[in-house]
Amino acid sequence: MATDMQRLVGTSEDDDEEDMEMDVKEEDDDEEDDMEKHIATPPLVGVDGLIGSSSNNNRFHHPQIHEQVSIPGGGVRRSRPLEEKERTKLRERHRRAITARILAGLRRHGNYNLRVRADINDVIAALAREAGWVVLPDGTTFPSRSQGSKPISGTSAAVTPPSSQMVPQQAPLTSLRGISSGYRSPVDYNASRMKGVYVPNSSPYDSSSRGQSQISPALGDGGEPLDTQTLIGGSVESVDAKQIVDVPSKLPERDFAGTPYIPVYVMLPLGVINVKSELVDPDGLLKQLRILKSLNVDGVTVDCWWGVVEAHAPQEYNWNGYRRLFQMVHELQFKLQVVMSFHECGGNVGDDVCIPLPHWVAEIGRSNPDIFFTDREGRRNPECLSWGIDKERVLRGRTAIEVYFDYMRSFRAEFNEYFEDGLISMIGVGLGPCGELRYPSNPVKNGWRYPGIGEFQCYDQYLLKNLRKAAEARGQDFWARGPENAGSYNAQPQETGFFCDGGDYDGYFGRFFLKWYSQVLIDHGDRVLALAKLAFDGTCIAAKLSGLYWWYRTASHAAELTAGFYNPSNRDGYAAIAAMLKKHGAALNFTYAQLHVLDQQENFSSALADPDGLAWQVLNAAWDYGIPITSENFLPCHNRVAYNKMLDGAKLLNDPDGRHFLSFTYLRLNSILMERQNLLEFERFVKRMHGEAVRDLQQ
């Protein structure tokens, strides 16, 4: 039986002693409690007990000898039979195997920083901290006053104590509806708040700016309980002896009536065109597009995948699916933004389909893997081509730059009439992973998890050759290498000799390497955008930049450095990028970090993150060069608070220069957006982006 159980749970007896720290012994504890209840009972006479057990449907019996153990105070209790101990041991082994799988899943998919030998207490602590609670080393747990409780899976349930006693919420986030039952103690009540009200970071729309919005028993000035029905302009119902409280939304909002008109685009699903270059579900898409048209949405945005159009052979382009899509968009009189996507789809946040690079490129990569970005350990990243082959004829006689240019010229020739009549209003030019101008320094497939610093991606033979030339030109041949003390993907700056305060990043070699590394990024953007401007003459082009905001409040800005942004605290790393964009008349598509903050509510203090600071630096660098800015949300959002955040970023409050975004793209069209309540909120958002008045503005 023991052998069968080991085979079932995949453990060995060698692990027993090491894993006994994970005490999840509910049955043992219950048995001990039961024994303590019978301490004063007369001693039991040992008998041959027959205890039935089953394994593989076979019944067998074992005689058991019950030992008697003296208990201080005169009582006697029997010890557990040997066979029962063995079964308990097997149950423990099974529990530990389940716990190990839970831990592995949390480490791999949940960004939980759990030690290798973590036990169930570490899991509970991690989940509690994720929910906004403070867990001390001794296990003492209480709600965080600074953050409040975070929602679980987007829940908006507000839990109230008995008799509906609540703190007066001067600015609740949304209309909250919750059920309360009789909590007999603060411990019971606090436990319930893990499913309670979400309080975001400070902003003009945060209730925290007007006082803490935490649901708890309310007391008057003299300590007497307050009647919440007089404090809340909502309703209280009774369902099965539980109270349901409706909390109306009274969130103060800016009035955007009369503000500049910002066009709103909606990003189409990633797989709207399948790998055969066919339009997926045209009837369903047409129905959704008509709904968007009724909401006065200005247009749609679509990825034009290199791996779909030029999938099978060089310079053999299949635009059939896109032509049918563009005809549909044209008939509905939408505007169209098209993204030249030279990267693979799949494996990143929000990716729900898999579209690899063209098959013929993958074949070349199998014989010459140096066409892909490579980290220090030699791991290849096939998400996009290395910038080291921009001018290397390794793609069936063409350079990477020539491949990109031929693709863009073919698109222009195929859809020239849509350029001529103004249907296509902007072309986004893919410049790296996720279409963004950056190195793939934090690939999840290689084990990276937030807030890791990432790794430099310059170890393919072509970039190393480029580095060697730069070192020789500097007269320092031994600098033709990457940093040896830069840590690993999930390291923190202070754990490395390169990124720590006063580290090598600010030494002679560090400054040389980082300047070269970032210049390769700028040169790649310069080359591709020059050809894009030539191919799409007369149409606005845009380059996408993401905000890597973690470790921004450290001296080195390690996460930005590994991504190619030479932006330590003593240097502006975004001015050179802005100058390059200005040279080609390109707009900046900046994924606004504040929107990421709103949706994820990560623990930024531990990562010394500053998304607002980074956003302001990037936006001001663009504005200083007179570069138009477009933006998009990083994660799905359907609530009013998120929309208000977007509006605040798109239209600055009291800006003397009246600066605002050129356009905004909402991610993404799906069935959730089509739900009635979500459509109503989205229509309201579109009106305010257009500078129209809305009736239900909260003041």
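To start, this report covers the structure provided alongside it. (Residues numbered from 1 in each chain as written. Predicted model: local features only at pLDDT ≥ 70, side-chain atom pairs only at ≥ 80, totals over all residues. Heavy atoms only, no water.)

### Topic: unusual backbone geometry
- In this chain, Y450 is followed by P451 through a cis amide linkage whose omega measures 5 degrees.
- The omega torsion of the bond from L667 to R668 falls at 0 degrees, within 30 degrees of zero and hence cis.
- Following the sequence through the fold, R668 ends up in the loop between β19 (663–666) and α20 (676–689).
- Here the phi dihedral of S277 falls at roughly 60 degrees; this positive angle occurs in a residue that is not glycine.
- As for its position among the elements, S277 is in the loop between β10 (264–267) and α7 (282–294).
- For S277, a relative accessible area of 3% translates into the label buried.
- With a phi close to 60 degrees, N654 is a non-glycine residue in the positive phi region.
- One can find N654 in the loop between α19 (640–650) and β19. (Helix = DSSP H or I, 4+ residues; strand = E, 2+ residues; numbered from the N terminus. Buried < 20%, exposed > 50% of the residue type's maximum accessible area, 1.4 Å probe, protein only.)

### Re the pairing of β10
- Neither face of β10 is open: one carries V264 and V266, the other Y265 and M267, and all of them are buried.
- As paired elements, β10 and β19 share 3 bridges and run parallel to each other. Across the sheet, Y265 pairs through a bridge with T665, a residue of β19.
- With 3 bridges connecting them, β10 and strand β11 (residues 299–305) associate as parallel partners. Looking at β11, one finds that M267 is bridged to T301. (Pairing = 2+ DSSP bridges.)

### Looking at the side chain of S441
- As for its placement among the helices and strands, S441 is situated in the loop between β15 (424–429) and α13 (461–474).
- Those residues within four positions of S441 in sequence are excluded, and the remaining contacts are G454, E455, Q457, Y489, T562 and A563. (Contact = heavy atoms within 4.5 Å.)

### Here's the deal with the packing of aromatic side chains
- Per the counting criterion, the structure on display carries 47 aromatic pairs.
- Arranged with centres 6.0 Å apart and planes meeting at 70 degrees, the rings of F478 and W479 form a pair that is edge-to-face.
- With a relative accessible area of 55%, F478 lands in the exposed category.
- Residue class for W479 comes out buried when judged on its relative accessible area of 8%.
- Here the guanidinium or amino end of R481 rests over the ring plane of F509, the centre of that ring lying 4.2 Å away.
- Against the face of Y508 rests R511, its NZ or CZ located 5.1 Å from the ring centre. (Phe/Tyr/Trp six-rings, centres within 6.5 Å; stacked < 30°, edge-to-face > 60°. Lys NZ or Arg CZ within 6 Å of the ring centre and 35° of its normal.)

### Looking at helix α16 (residues 575–583)
- Listing the buried residues of α16 in full gives I577, A578, M580 and L581. Projected down its long axis, α16 carries its buried residues within an arc of 160 degrees, all on one side.
- On its buried face, α16 sits against α14 (508–535), β16 (540–545), β17 (587–591) and α18 (611–624).
- G585 sits one or two residues past α16 and shows a positive phi near 65 degrees. (Arc of directions from axis to C-beta.)

### Considering the side chain of N644
- Position of N644 among the secondary structure elements: in helix α19.
- Classification of N644 by relative accessible area gives buried; the value is 1%.
- A polar contact is formed between the side chain of N644 and the side chain of E253, at a distance of 3.2 Å. (Polar contact = N/O pair within 3.5 Å; in protein donor to acceptor, adjacent residues only side chain to side chain.)

### Description of the pairing of strand β18 (residues 629–632)
- Here β18 shows two buried faces, one formed by I629 and S631 and the other by T630 and E632.
- Where β17 meets β18, 4 bridges bridge the pair, whose relative direction is parallel. Among the inter-strand pairings, N589 is bridged to a residue of β18, identified as T630.
- Where β18 meets β19, 3 bridges bridge the pair, whose relative direction is parallel. By the bridge assignment, E632 is partnered in β19 with T665.
- Tracing the backbone out of β18, into α19 and back to the parallel element β19 gives a crossover that is right-handed. (Right-handed = clockwise from strand over helix to strand, strands pointing away.)

### Some remarks on the packing of α13 against α14
- Axis separation between α13 and α14 bottoms out at 11 Å; the angle between their running directions is 130 degrees. In terms of orientation, α13 lies oblique with respect to α14. By crossing handedness, the relation of α13 to α14 is classed as right-handed. For the pair formed by α13 and α14, the contact residues are L463, N466, L467, A470, A471 and R474 on the first element and F512, F513, W516 and V520 on the second. (Axes fitted to C-alpha atoms, helices over the stretch in contact; angles between N-to-C directions. Parallel < 35°, antiparallel > 145°, perpendicular 65-115°, else oblique. Left-handed = near helix turned anticlockwise from the far one by under 90°.)

### Focus on the nonpolar core
- Grouped together as the largest cluster of nonpolar side chains are 147 residues, with contacts concentrated most on L385, F411 and F682.
- Sort the elements by how many residues they give to this core and α14 lands first, with 13 residues.
- Residues in contact with L385, not counting those within four places in the same chain, are W306, L357, V361, I371, F372, F373, L395, A400 and Y404. (Core = buried A, V, L, I, M, F, W, Y, C linked by side-chain atoms within 4.5 Å.)

### Section: the environment of G422
- Take G422: it is sitting in the loop between α12 (416–420) and β15.
- In this structure the C-alpha to C-alpha distance between G422 and K335, which are 87 residues apart in sequence, comes to 7.8 Å.

### Details of the pattern of salt bridges
- Enumeration over the complete set of coordinates arrives at 24 salt bridges.
- A salt bridge links E253 to R684; its shortest N-O distance comes to 2.8 Å. In this pair, E253 sits in the loop between β9 (242–247) and β10 while R684 sits in helix α20, placing the two residues 431 residues apart along the sequence. One exposure class covers both E253 and R684, and it is buried.
- A salt bridge links E632 to K544; its shortest N-O distance comes to 2.8 Å. (Salt bridge = Lys/Arg side-chain N within 4 Å of Asp/Glu carboxyl O.)

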